[in-house]
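Summary of structural features
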Amino acid sequence: MKNFFQSISGIKSILKNLDIEKLNKLSQKVDLNEMMGVVSSMSDEDLAKMMKMMKSGGKKKAIPPINGDFYELGKTLPEKEREIQLKVREFMEKEIRPIANEYWNKAEFPMHIIPKMAELNIAGLTYKGYGCPGHSALLEGFLAMEMARVDTSISTFFGVQTGLAMGSIYYCGSEEQKQEWLPKMQKMEVIGAFGLTEPEVGSAVAGGLTTTCKREGDEWVINGQKKWIGNATFSDITIIWARDLDDQKVKGFIVRKDNPGIHPEKMENKMALRTVQNALITLKDCRVPESDRLQEANSFKDTSVVLKMTRAGVAWQAVGCARGAYEAALKYTNDRFQFGRPIASFQLVQDLLVTMLGDLTAMQTMVTRLSIMQDNDELLDEHASLAKVFCTLRMRDIVDQARELFGGNGILLEYDIARFVADAEAIYSYEGTKEINSLIVGRAITGHSAFV
Ligand SMILES: Cc1cc2nc3c(=O)[nH]c(=O)nc-3n(C[C@H](O)[C@H](O)[C@H](O)COP(=O)(O)OP(=O)(O)OC[C@H]3O[C@@H](n4cnc5c(N)ncnc54)[C@H](O)[C@@H]3O)c2cc1C
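If you're wondering where the values come from, they're calculated on a predicted model, not measured in any experiment.

Focus: the overall build of the protein
A tally of helices and strands in the protein yields 15 helices and 11 strands. Relative to the 2.2 N^0.38 estimate, which gives 22 Å for 452 residues, the radius of gyration of the protein is 29 Å and therefore markedly larger than a compact globule would have. Based on the C-alpha atoms only, the size of the protein along its principal axes is roughly 125 × 45 × 40 Å. The buried share of the protein, taken over its 452 residues, is 41%. Considering only contacts within the protein whose residues lie at least 6 apart along the sequence, 74% involve residues at least 24 apart.

Structure (structure tokens):
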């Protein structure tokens, strides 16, 4: 009898402490009897663990800021240049991120962004004079990275304008040619393209260029085809590289869009960098005045000066593409819940994120040093080639790992990651493939040329 009254008073005290309203709510979600059965059969240790997990699940955990520049390399820029880096980041986030997938999907270029980009005053960033700001190669690298971090197509468009097209005129043009074109290109009033690759000659372009030029009086006549030429469907001028039939040397020409001998045709059905407008150009008896021949381009060696600089830029683009993918994946892993927890809390997921961050940090450190060498005038072809090989290889791994973390959503354009995966393929191949850049480094370190 005593035990009976003890039990009754125990139940009374339990009931007194129970919040009936909460109990009622809970009973609408779960079978209370079943739940009590499961909970009461748990060990003390498991119960304690469950309570801890439930308590932490109640309040939202503060997530650390997402930052793919783990060693804060951006902070090594002088204050003024750091401000420009952050201004470009803001531009990319505000103006480009919201439209990136739409234009990629349509395979169209957002022409309306050109005047807005011009306002950033970053074209011809490192050149001195001709309205160019004369900043460091290091800043130029960071800007290529910032652009590719959001949209690799936009960084490619910009790289063609500022590096390949303006660079050809800056390094290989006469004083008059620089005066005529560079200030307008800096303001992005004139858009340029760079035509070197041909349908039948890519990697072997140095010795195998088949587009020809022949001098006739004060004019040159150019014949041949160029493939993959970025921006060339709408460019005002295209730099065309051709072999002189008389001395067999490679020469460069500024070909204007209204020249009746140049016919650019948009290349369709690309699976990467779809926003970039690549053209197949046919040059048929294209007549160019001697005054539009790049006066300081006397052989392929002069073209290589431009390519060395732009190759360094492509290594930075690879860092940007990888960083964009890593940051998107890190965010996603905190947003996406499986088994009642954010997938970021799983050990295997963290392992993958850390592997990506390690590679990304190595890439960023490498290109930072590369640009410092460029600023010190110490950059050699093999330095740029090694960075291009290493960074594009690591980028390919990082975008794949990032895509893996998105599961099925990784193949949907709206999550951005599919675009990074696809675009990485183009960067991997252009400005010299992995094999060609490896051969450049291999020749430098062994003293033997393995090019056939
Ligand atoms: C999206 C995009 C944009 C581009 N933009 C431009 C542009 O604006 N202007 C321009 O002039 N060009 C541009 N290109 C061209 C680009 O530079 C070439 O695609 C690149 O140089 C490779 O040439 P290819 O495609 O003809 O490949 P190929 O030269 O045919 O090579 C095919 C494969 O063979 C391998 N290979 C070739 N030779 C050797 C060798 N000796 N040893 C070992 N392997 C070898 C290559 O590494 C590669 O794996 C662009 C390309 C792309 C994809």
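Re the packing of helix H7 (residues 137–150) against helix H11 (residues 300–335)
Two elements in contact, H7 and H11, have axes separated by 7 Å at closest approach and are oriented at 40°. On the basis of their axis angle, the class for H7 and H11 is oblique. Relative to H11, H7 is oriented so that their crossing is right-handed. Contacts between H7 and H11 involve Glu140, Gly141, Ala144, Met145, Glu146, Met147, Ala148, Arg149 and Val150 from the former and Ala312, Gly313, Trp316, Gln317, Val319, Gly320, Cys321, Arg323 and Gly324 from the latter. Grouping the amino acids of the contact of H7 with H11 by side-chain chemistry returns 9 nonpolar, 5 polar and 4 charged.

A closer look at the nonpolar core
Of all hydrophobic cores here, the largest spans 114 residues; its most connected members are Ala322, Ala325 and Ala402. Per-element tally for this core: the top contributor is H11, with 17 residues. Filtering out sequence-adjacent residues up to four positions away, Ala325 remains in contact with Ile398, Val399, Ala402, Ile417 and Phe420.

Let's talk about the site of the ligand
The full set close to the ligand counts 22 residues, and Leu196, Gly202, Ser203, Thr433 and Glu435 are the nearest of them. Elements supplying a minimum of two residues to the shell around the ligand: strand E3 (192–195), strand E5 (219–230), helix H14 (417–429) and helix H15 (434–446). With 3 residues, the top contributor of residues to the shell around the ligand is E5. Grouping the amino acids of the shell around the ligand by side-chain chemistry returns 11 nonpolar, 9 polar and 2 charged. Two domains each donate at least three residues to the shell around the ligand, and these are domain 2 (193–292) and domain 3 (300–446).

Some details on the domain arrangement of the protein
By domain assignment, the protein separates into domain 1 (73–190), domain 2 (193–292) and domain 3 (300–446). For domain 2 and domain 3, the distance between their C-alpha centroids amounts to 30 Å. The residue inventory of the side of domain 2 that touches domain 3, partitioned by class, reads 7 nonpolar, 2 polar and no charged.

Side note on H14
For an α-helix, the turn length of 3.6 residues means that residues three or four places apart are oriented alike. Given a rise of 1.5 Å per residue, 13 residues ought to cover 18 Å, and the 19 Å separating the end C-alpha atoms of H14 matches this to within 8%. Of the positions making up H14, those classed as buried are Ile417, Arg419, Phe420, Val421, Asp423, Ala424, Ala426, Ile427 and Tyr428. Looking at the buried side of H14, the elements it contacts are helix H5 (79–106), helix H8 (152–172), H11, helix H13 (381–405) and H15. Count one or two residues on from H14 and you reach Glu431, which has phi positive near 60°.

Thoughts on the environment of Ser40
If you trace the backbone, Ser40 turns up in helix H3 (residues 32–40). According to the C-beta neighbour criterion, Ser40 is exposed, with 8 such atoms within 10 Å. As for Ser40 and Thr361, which are separated by 321 residues in sequence, their C-alpha atoms are 49 Å apart.

Quick look at the pairing of E5
One ladder, built from 5 bridges, connects strand E4 (residues 212–216) with E5; its direction is antiparallel. Considered in E5, the bridge of Glu216 is made with Glu219. The turn linking E4 back onto E5 is made up of 2 residues, and Gly217 within it adopts a positive phi angle of 65°. Pairing analysis gives 9 bridges linking E5 to strand E9 (residues 278–289), with the strands arranged antiparallel. In the sheet register, Ile222 faces E9, and the bridge partner there is Cys286.

Notes on the packing of H11 against H13
Running from N to C, H11 and H13 cross one another at 20°; their axes reach a closest spacing of 8 Å. Here H11 lies roughly parallel to H13, going by the angle between them. Where H11 crosses over H13, the two elements pack in a sense that is left-handed. When the residues that make up the contact of H11 with H13 are grouped by side-chain class, the tally is 20 nonpolar, 4 polar and 5 charged.

Here's the deal with unusual backbone geometry
Outside of glycine, negative phi angles account for most residues, and trans bonds account for most peptide bonds. Positive phi, close to 60°, is recorded for Ala107, a residue that is not glycine. When you line up the elements, Ala107 lands in the loop between H5 and helix H6 (113–119). Within the chain, Asn269 stands out as a residue other than glycine whose phi angle is a positive 65°.

A look at helix H9 (residues 175–186)
Spanning 12 residues, H9 covers 16 Å between terminal C-alpha atoms, matching the ideal 16 Å at 1.5 Å per step. When H9 is considered as a whole, its buried residues turn out to be Gln177, Trp181, Leu182, Met185 and Gln186. Buried residues along H9 cover an arc of 125° about the axis, so they all sit on one side. In H9, the exposed positions angled more than 90 degrees off the buried face are occupied by Glu176 and Gln179.

What counts, and at which threshold
Counting restarts for each chain, with residues numbered from 1 along the sequence as it is written. The predicted nature of this model means local features are confined to residues of pLDDT at least 70 and side-chain atom pairs, given and counted, to a pLDDT of 80 or more, with totals for whole chains, interfaces and linings taken over all residues. Labels follow the DSSP assignment, with helices taken as runs of H or I lasting at least four residues and strands as runs of E lasting at least two, numbered in each case from the N terminus. For a compact globule the rule gives 2.2 Å times the number of residues to the power 0.38, and the radius of gyration it is set against comes from C-alpha atoms. Whether a residue is buried, exposed or partly exposed is read from the other C-beta atoms within 10 Å of its own C-beta, which are placed from the backbone; 20 or more gives buried, 12 or fewer gives exposed, and intermediate counts give partly exposed. Here contacts are defined at the residue level, using C-beta atoms placed from the backbone and a cut-off of 7 Å between them. For helices, the axis comes from a line fit to the C-alpha atoms of the stretch in contact; other axes are also lines fit to C-alpha atoms, and the angle between any two N-to-C directions lies between 0 and 180 degrees. Each angle receives one of four descriptions, namely roughly parallel if under 35 degrees, roughly antiparallel if over 145, roughly perpendicular if within 65 to 115, and oblique otherwise. Each crossing gets its handedness from the near helix: less than a right angle anticlockwise from the far helix is left-handed, clockwise is right-handed. Basically, the charged four are Asp, Glu, Lys and Arg, the nonpolar ten are Ala, Val, Leu, Ile, Met, Phe, Trp, Tyr, Cys and Pro, and anything else, Gly included, counts as polar. Buried Ala, Val, Leu, Ile, Met, Phe, Trp, Tyr and Cys residues whose C-beta atoms connect them within 7 Å together make up a nonpolar core. Only the C-beta atom, placed from the backbone, is used; a residue is near a molecule or strand if that atom lies within 6 Å of it. How far each domain reaches was decided by an automatic or database domain assignment. The span you would expect from a helix comes to 1.5 Å times its residue count less one. Strand pairing is assigned whenever DSSP detects at least two bridges linking the two strands. Note that the arc is computed from the directions linking the helix axis to the C-beta atoms.

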